[in-house]
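Here are the chains, one letter per residue:
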Amino acid sequence: MLPEKKQILVVDDEANLRRVLSAQLGRDGYEVHTAEDGEEGLAFLKEHHIDLVITDLRMPKVDGMDLLRAALRDDPSRPVVLLTAHGTVDNAVEALKTGAFDYITKPFDQNEVRVVVKKALRTRDLASADATRDVSAAQPRGGSDRFGIIGESPPIQELYAILERVADTPTTVLISGESGTGKELVARALHENSGRRDRPFIKVNCAAIPKDLMESELFGYERGAFTGAVASKPGRFELASGGTLFLDEIGEIPNEMQVKLLRVLQESEFERVGGIKTIHVDVRLVAATNRDLKREIAAGTFREDLFYRLNVVPIALPALRDRRSDIPHLCTHFVAKFNARLKKSIESIEPEALERLASHAWPGNIRELENVVERALLFADGARIRLDDLPEEIRGGATSAAGASLPLVAAAADTSAAPSTPDGLKEQVKAAMSKLERDLIERALKQTHGNVTHAARLLKISRKGLQLKMKELNLRERDAE
């Protein structure tokens, strides 16, 4: 089966420009839709799925800035590219700070359009889903919403403690973790809980940028610096000045660029490509990676001095399988989120289905869980998500980190009478999960003869996290070190 075409919406009041872009992008394999003004573009976005918006800045009725804000409110991960004349470049830069992906200056080169579109769509494909960004009122009691992060497990409690100390500082932070664990969410939490919250938050996915364009993307370029540079353009560091720059997938930066990045971190200055003027910036840098950078250093693909400059405050995000007790809270949030988005009225998830969700290995982490809940909610016929509504790979079950099958939630709690309210289900699930956690911890301690350090390693959580959970469950520590 052929892959589904990417959907692009072109909004411009010039009919000839719409025809040119439609023809070019159509030849490149995209499905192109057009609108002659911002008002028509907004109406189209409400009724159709669109992967990328290309819009003129100056238009009658609804201008490009209003269309940008509306598009981002509807889907923050959807890239919006601005078309602008030379006289409105300052407005385009302001649009970038508002959240636009990029801008293209008229008259434009076809290859420039091709590069920007490809980069924008690849960024969308690689972007971390905002799985836990908008905390809803349906979050279970006891959950935290201070940082927009859902969870009560010991690893998440540790994360809260780090954010409390680090958020309102200019310190560089390196976030590590598997794909889908919420690295962008944490980066945004650092920004939004700092004194820079009213300044730009600029995100760059380093994996989406071709190596030969990395320097101009980060540092900008002057007019005539290379073929196609018809006007000067600021880089992401300039756009982020006064705010936060988030470099996602930092391990993808080529070695020759690492030297230049190190200089910016040390001196807070750089030159644009083709320029001679030194530009000074005030940027708080947050970087993220799903790679083992120490292993990359040993292999010679990542500079050790840059690593230590980035790794001032390391934040290691846990995989979802290492914080299983948070899964019911996340599920509750996702049900509320997709009820609103898809106009559904699912009240809860049946205990047997929730058990399968809690026991799955989740290689895709929170992003995978969100997708599974959305799919289940779409296929659910009644008021509750049942086991049969889940994908086959979830219904098949999984094993725990300690190596034994997880007991059914239905067996861990008295389900002879189904709870009549969502709150009743939450309390039942909470009690069941506590019993499940206690069983796993006791089993791990038994296997390691009471050694907390070894038990934590077996459970794939930190020693401190295990100690906090044992205290919460009133389990006595028997460390045999």
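Provided above is the structure to which this section pertains.
Considerations on the sheet that holds strand E3 (residues 52–56)
What the five strands build is an open sheet, ordered E2-E1-E3-E4-E5; its pairing is parallel. Lying at the two open borders of the sheet, with one neighbouring strand each, are strand E2 (31–35) and strand E5 (102–105). With direction set aside, neighbouring strand axes in the sheet form an average angle of 20°. Here four bridges tie strand E4 (residues 80–84) to E5, and the two strands are oriented parallel to one another. Its bridge partner being in E5, Thr84 is matched across the sheet by Thr105. Each of strand E1 (7–11), E2, E3 and E4 touches helix H1 (residues 15–27); the most contacted strand, E2, lies at about 170° to it. Contacts between helix H3 (residues 64–74) and the sheet are confined to E1, E3 and E4, with E3 contributing the most and set at about 165° to the helix.

Focus: unusual backbone geometry
Within the chain, Ser268 stands out as a residue other than glycine whose phi angle is a positive 60°. Tracing the backbone shows Ser268 in the loop between helix H10 (255–267) and strand E11 (269–271). Phi is positive for Asn365, which is not a glycine, with a value near 60°. With respect to the helices and strands, Asn365 occurs in helix H15 (residues 365–379).

Focus: the nonpolar core
Formed by 51 residues in total, the largest nonpolar core has its most connected members in Leu218, Phe237, Leu245, Leu247, Ile250, Leu261 and Leu310. Setting aside chain neighbours within four positions, we find Phe237 in contact with Leu218, Phe219, Leu245, Leu261, Val264, Phe270, Val281 and Val283. In this structure, Ile327, Ile349, Leu354 and Leu387 belong to the second largest nonpolar core, which totals 25 residues.

Some remarks on the pairing of E3
Two faces make up the sheet, and in a regular strand the side chains alternate between them. Of all five residues making up E3, five are buried, and the element is well covered by its neighbours. Residues Leu52, Ile54 and Asp56 point to one face of E3 and Val53 and Thr55 to the other, with burial holding for every one of them. Here E1 pairs with E3 via four bridges, running parallel. In the sheet register, Ile8 faces E3, and the bridge partner there is Leu52. Sheet topology note: the E3/E4 ladder contains four bridges and is parallel. In the strand pairing of E4, Val53 is matched with Val80.

Re the packing of helix H19 (residues 452–459) against helix H20 (residues 463–472)
Taken N-terminus to C-terminus, the directions of H19 and H20 make an angle of 100°; their axes are 8 Å apart at the nearest point. Taken together, the axis directions place H19 and H20 in an arrangement best described as roughly perpendicular. Taking contact as the criterion, the partners of Val452, Thr453, Ala455, Ala456 and Leu459 in H19 are, on H20, Arg463, Leu466, Gln467 and Met470. When its residues are assigned to classes, the contact of H19 with H20 shows six nonpolar, two polar and one charged.

Notes on the layout of surface pockets
In this structure, the second largest pocket encloses a volume near 690 Å³. If you go around the second largest pocket, you meet 33 residues; those closest to its centre are Pro76, Thr98, Gly99, Arg188 and Phe201. Going through the elements one at a time, H3, helix H4 (89–98), helix H5 (110–126), helix H7 (183–192) and strand E7 (201–205) are the ones with two or more residues in the lining of the second largest pocket. Broken down by element, the residue count for the lining of the second largest pocket peaks at five residues, all from E7. Grouping the amino acids of the lining of the second largest pocket by side-chain chemistry returns 13 nonpolar, six polar and 14 charged.

With respect to the pattern of salt bridges
Under the counting rule described, the total for this entry stands at 32 salt bridges. The salt bridge partner of Glu184 is Arg188, with a shortest N-O separation of 3.0 Å. Of the two residues, Glu184 and Arg188 both sit in helix H7, four residues apart, roughly one turn of that helix. Within this structure, Asp102, Lys119, Glu217, Lys233 and Arg236 form a network of salt bridges that share partners.

Quick word on the environment of Glu374
Summarising the element assignment, Glu374 is placed in helix H15. Taking the relative accessible area as the measure of exposure, Glu374 reaches 24% and is therefore partly exposed. Among residues more than four places away in sequence, those in contact with Glu374 are Phe338 and Leu342.

A look at the sheet that holds strand E6 (residues 173–176)
In spatial order, the strands read E7-E10-E13-E6-E14; together these five strands make up an open sheet with parallel pairing. Two strands close off the open sheet at either side, each with one partner strand: E7 and strand E14 (313–316). Averaged over all adjacent pairs, the angle separating strand axes in this sheet is 15°, with direction ignored. Looking at chain direction, E6 and E14 are connected through four bridges and run parallel. Residue pairing across strands places Val173 opposite Val313, the latter belonging to E14.

So, the packing of aromatic side chains
One pass over the full model with this rule turns up seven aromatic pairs. A centroid spacing of 6.1 Å and a plane angle of 50° characterise the contact between Phe237 and Phe270, whose relative ring orientation is tilted. In this pair, Phe237 sits in helix H9 (residues 236–239) while Phe270 sits in strand E11, placing the two residues 33 residues apart along the sequence. Judged by relative accessible area, which is 3%, Phe270 ranks as buried. Feature note: the residues Phe219, Phe237 and Phe270 constitute an aromatic cluster, connected by ring pairs. A cation over a ring is seen here: Lys233 above Tyr103, with NZ or CZ 4.8 Å from the ring centre. The ring of Phe101 carries the charged tip of Arg236 above its face, separated from the ring centre by 5.9 Å.

Cut-offs used in this document
- Residues numbered from 1 in each chain as written.
- Predicted model: local features only at pLDDT ≥ 70, side-chain atom pairs only at ≥ 80, totals over all residues.
- Heavy atoms only, no water.
- Pairing = 2+ DSSP bridges.
- Helix = DSSP H or I, 4+ residues; strand = E, 2+ residues; numbered from the N terminus.
- Axes fitted to C-alpha atoms, helices over the stretch in contact; angles between N-to-C directions.
- Contact = heavy atoms within 4.5 Å.
- Core = buried A, V, L, I, M, F, W, Y, C linked by side-chain atoms within 4.5 Å.
- Buried < 20%, exposed > 50% of the residue type's maximum accessible area, 1.4 Å probe, protein only.
- Parallel < 35°, antiparallel > 145°, perpendicular 65-115°, else oblique.
- Nonpolar A, V, L, I, M, F, W, Y, C, P; charged D, E, K, R; others polar.
- 1 Å grid on protein atoms, 1.4 Å probe; cavity = no way out; pocket = protein on both sides within 12 Å on 5 of 7 lines; lining within 4 Å.
- Points joined across faces, edges and corners; volume = space filled by probe spheres on them.
- Salt bridge = Lys/Arg side-chain N within 4 Å of Asp/Glu carboxyl O.
- Phe/Tyr/Trp six-rings, centres within 6.5 Å; stacked < 30°, edge-to-face > 60°.
- Lys NZ or Arg CZ within 6 Å of the ring centre and 35° of its normal.

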